[in-house]
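Residue-level structure breakdown
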Amino acid sequence: MTPTTAARTAPGTARGAARGTVQGTARRAHGAWNTAAALLILAVLLFPVYWMLVTALQPSSGIDVDWFPTDPGLDSFRKALDSQGGSLLTSLGVALGAVAVCLALAAPAAYGLAQFSLRGGQAVVFTTLITQMVPGIVIANALYSAYAELRLVNSYLGLILADASLGLPFSIVLLRAFMVSIPGEVVEAALVDGANRFTAFVRVVLPMSRNALITAGLFTFLFAWSDFMFALTLNTTDDVKPVTLGIYQFVGAHVSDWGAVMATAVLSAVPAAVLLVVAQKYIAAGITGGSVK
């Protein structure tokens, strides 16, 4: 390169470097603003949880709560466990039972809709989606009349079946979207090796659909855990009292003891939060697994 050429190139190089520096600064500033906005949104969303925890830790039972507890105590949690420990166990048993019933029905239904050329299959999927729009109070009232004849009112089985229906449509649609992407050659290879349709479904399809099954089961658990409509409508005694109904009755009886009320709410939120954290990677894979064929 001649000195004349170098002289002409140097200003252009300097301008390019300056432009790159400005663009880099702008990108960093844009990233900082995005991070600040995300943190602000997160703080707003988590503030009710923080306030609930602070109220549960306060030593007194009044409504005057400090922003930062200076003398936290666990008396409210002990009181909540004494009064709502049985309801927490009831909710856990009902939610796990609802997950088992829901997956036992949704998995074969989704497999049939995904792998077999059933006449009217698309209409069935569309109708399944429509059932999610039916108000819960309508279903609860209809179920109560049927449960009264079947003697399922005030029973664990009745509440498990009702809560399983909450996650059944979602589970069928989600599992079908995942099972459609399973190559038919995999199932055919199992059939050639001597397996029947049921064995191929259990040993091949279900293991390949693990992420979708975990996702569907988790959402069904959350639906059943947070159910209040069926718990209130299908139970007329305290024989079967989930934690949602227990909190409702606890607030009415201890409206002045907000520490115990908030402690009960914190305890009821712990299982769902733990499951969401543990199954986070499976949820992401299960939701997006059927998007690419």
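The structure displayed is predicted, hence computed values, not measured ones.

**Examining the overall build of the protein**
- Within the protein, the regular secondary structure consists of 12 helices and 0 strands.
- Ordered by position in the sequence, the α and β elements of the protein form the string α-α-α-α-α-α-α-α-α-α-α-α.
- Accessible surface for the protein amounts to roughly 17200 Å². Of this, 68% is attributable to carbon and sulfur atoms.

**Here's the deal with the packing of helix α3 (residues 121-131) against helix α5 (residues 156-179)**
- Contact pair α3 / α5: the axes reach a minimum separation of 8 Å and the direction vectors enclose 140°. Compared by their axis directions, α3 and α5 come out oblique. For α3 against α5, the interelement crossing comes out left-handed. When α3 is examined against α5, the residues Gln122, Val125, Thr128, Leu129 and Thr131 are found in contact with a partner set consisting of Pro169, Ile172, Val173 and Arg176.
- Split by residue class, the contact of α3 with α5 holds 5 nonpolar, 3 polar and 1 charged.

**Let's talk about unusual backbone geometry**
- Located in the positive-phi region is arginine 151, a residue other than glycine, with phi close to 60°.
- Not every positive phi belongs to a glycine, and asparagine 154 is a case in point at roughly 60°.
- With respect to the element layout, asparagine 154 can be found in the loop between α4 (136-150) and α5.
- A relative accessible area of 22% places asparagine 154 in the partly exposed class.

**Quick notes on the UniProt feature "transmembrane region" (unreviewed entry) in the protein**
- Mapped onto this numbering, the UniProt entry annotates "transmembrane region" (unreviewed entry) at residues 32-53, 88-111, 123-144, 156-175, 212-232 and 258-279.
- Taken end to end, residues 88-111 comprises 100% helix and 0% strand; its first and last C-alpha atoms sit 34 Å apart.
- Annotation note: span residues 212-232, helix share 86%, strand share 0%, distance between end C-alpha atoms 31 Å.

**Digging into the nonpolar core**
- Ranked by size, the top nonpolar core spans 24 residues in total, and within it Phe77, Phe221 and Trp225 carry the most contacts.
- Ranked by the residues each element gives to this core, the list is headed by helix α2 (residues 75-115), at 7 residues.
- Setting aside chain neighbours within four positions, we find phenylalanine 221 in contact with Leu92, Ala95, Leu96, Val99 and Leu275.
- In terms of nonpolar packing, the next biggest core, distinct from the first, is built from 20 residues, Ala110, Tyr111, Leu175 and Met179 among them.

**Observations concerning the packing of helix α8 (residues 210-225) against helix α11 (residues 258-278)**
- In the contact formed by α8 and α11, the axes pass within 11 Å of each other and the chain directions differ by 170°. With respect to α11, the axis of α8 lies roughly antiparallel. Together, Leu218, Phe221, Leu222 and Trp225 of α8 and Ser268, Pro271, Ala272, Leu275 and Leu276 of α11 make up the contact between the two elements.
- Classifying every residue of the contact of α8 with α11 by side-chain character gives 8 nonpolar, 1 polar and no charged.

**Some points on the pattern of salt bridges**
- The tally for this structure, following the rule as stated, stands at 1 salt bridge.
- Of the charged contacts in the structure, one is a salt bridge between arginine 78 and aspartate 75, with a shortest N-O distance of 2.1 Å. Of this pair, arginine 78 and aspartate 75 both sit in helix α2, 3 residues apart, which is roughly one turn of the helix.
- Using a relative accessible area of 48% as the deciding quantity, one classes arginine 78 as partly exposed.
- Residue classification places aspartate 75 among the partly exposed residues on the basis of a relative accessible area of 49%.

**Considerations on the side chain of aspartate 227**
- Within the secondary structure, aspartate 227 sits in the loop between α8 and α9 (229-233).
- Here aspartate 227 is buried and forms no salt bridge, its nearest opposite-charge partner lysine 241 lying at an N-O distance of 15 Å.
- One polar contact links the side chain of aspartate 227 to the main-chain amide nitrogen of methionine 229, over a distance of 3.5 Å.
- Leaving out residues up to four positions away in the same chain, aspartate 227 has contacts with Leu159, Asp163, Leu166 and Thr244.

**Overview of a nonpolar patch on the surface**
- Taken together, the side chains of Leu39, Ile41, Leu42, Leu45, Leu46 and Val49 present a nonpolar region at the surface, about 590 Å² in accessible area.
- Judged by relative accessible area, leucine 39 falls into the exposed class, the value being 53%.

**Things to note about the packing of aromatic side chains**
- Counted according to the given criterion, the structure contains 8 aromatic pairs.
- The interplanar angle of 25° and the centroid separation of 5.8 Å between the aromatic rings of phenylalanine 47 and tryptophan 51 together place this pair among those described as stacked. With phenylalanine 47 and tryptophan 51 both in helix α1 (residues 3-57) and 4 residues apart, this pair spans about one turn of that helix.
- Aromatic side chains phenylalanine 219 and phenylalanine 223 sit 6.4 Å apart centroid to centroid with 55° between the ring planes, which places their arrangement in the tilted category. Here phenylalanine 223 and phenylalanine 219 lie together in helix α8, a separation of 4 residues that amounts to about one turn.

Reading the values: rules and limits
- Numbering of residues starts from 1 in every chain and runs along the sequence as written.
- Restriction of local features to residues with pLDDT of at least 70 applies here, the model being predicted, together with a cutoff of 80 or more for giving and counting side-chain atom pairs; totals for whole chains, interfaces and linings are based on all residues.
- For the side-chain quantities, the full set of heavy atoms in the structure was used; hydrogens and water were omitted.
- For helices the rule is a DSSP run of H or I covering at least 4 residues; for strands it is a run of E covering at least 2, with both sets numbered from the N terminus onward.
- Residue-level accessible areas treat just the shown protein chains as cover; the underlying method is Shrake-Rupley with a 1.4 Å probe.
- A fitted line through C-alpha atoms serves as each axis, taken over the contacting stretch for helices, and the angle formed by two N-to-C directions is quoted from 0 to 180°.
- Throughout, the term roughly parallel applies to angles under 35 degrees, roughly antiparallel to angles over 145, roughly perpendicular to angles from 65 to 115, and oblique to all others.
- Crossings are classed by handedness, with left-handed meaning an anticlockwise turn of the near helix from the far one by less than a right angle and right-handed meaning a clockwise turn.
- In what follows, residue pairs with any heavy atoms lying within 4.5 Å of each other are defined as contacts.
- Classification used: nonpolar for Ala, Val, Leu, Ile, Met, Phe, Trp, Tyr, Cys and Pro, charged for Asp, Glu, Lys and Arg, polar for all others including Gly.
- We call a residue buried when its accessible area falls under 20% of the maximum for its residue type, exposed when it is over 50%, and partly exposed in between, using a 1.4 Å probe and counting protein chains only.
- UniProt positions are given in the numbering used here, feature names are shortened, and annotations may be inferred rather than shown by experiment.
- Here, the term nonpolar core denotes a set of buried Ala, Val, Leu, Ile, Met, Phe, Trp, Tyr and Cys residues that are joined through side-chain atoms within 4.5 Å.
- By definition, a salt bridge exists where a carboxyl oxygen of Asp or Glu is found within 4 Å of a side-chain nitrogen of Lys or Arg.
- In summary, the charge assignment counts Lys and Arg as positive and Asp and Glu as negative, without counting His or the chain termini.
- A 3.5 Å cut-off defines polar contacts: any pair of N or O atoms within that distance qualifies, except that in protein one atom must be a possible hydrogen donor and the other a possible acceptor, and neighbouring residues in sequence count only when both atoms are side-chain atoms.
- Like-charged residues within 9 Å of one another, or nonpolar side chains (Val, Leu, Ile, Met, Phe, Trp, Tyr) within 5 Å, are grouped into patches, provided each residue has over 30% relative accessible area and no salt bridge.
- For this analysis, a ring pair means two rings from Phe, Tyr or Trp (six-membered ring only for Trp) whose centres lie within 6.5 Å, classed as stacked if their planes differ by under 30 degrees, edge-to-face if by over 60, and tilted for the remaining angles.

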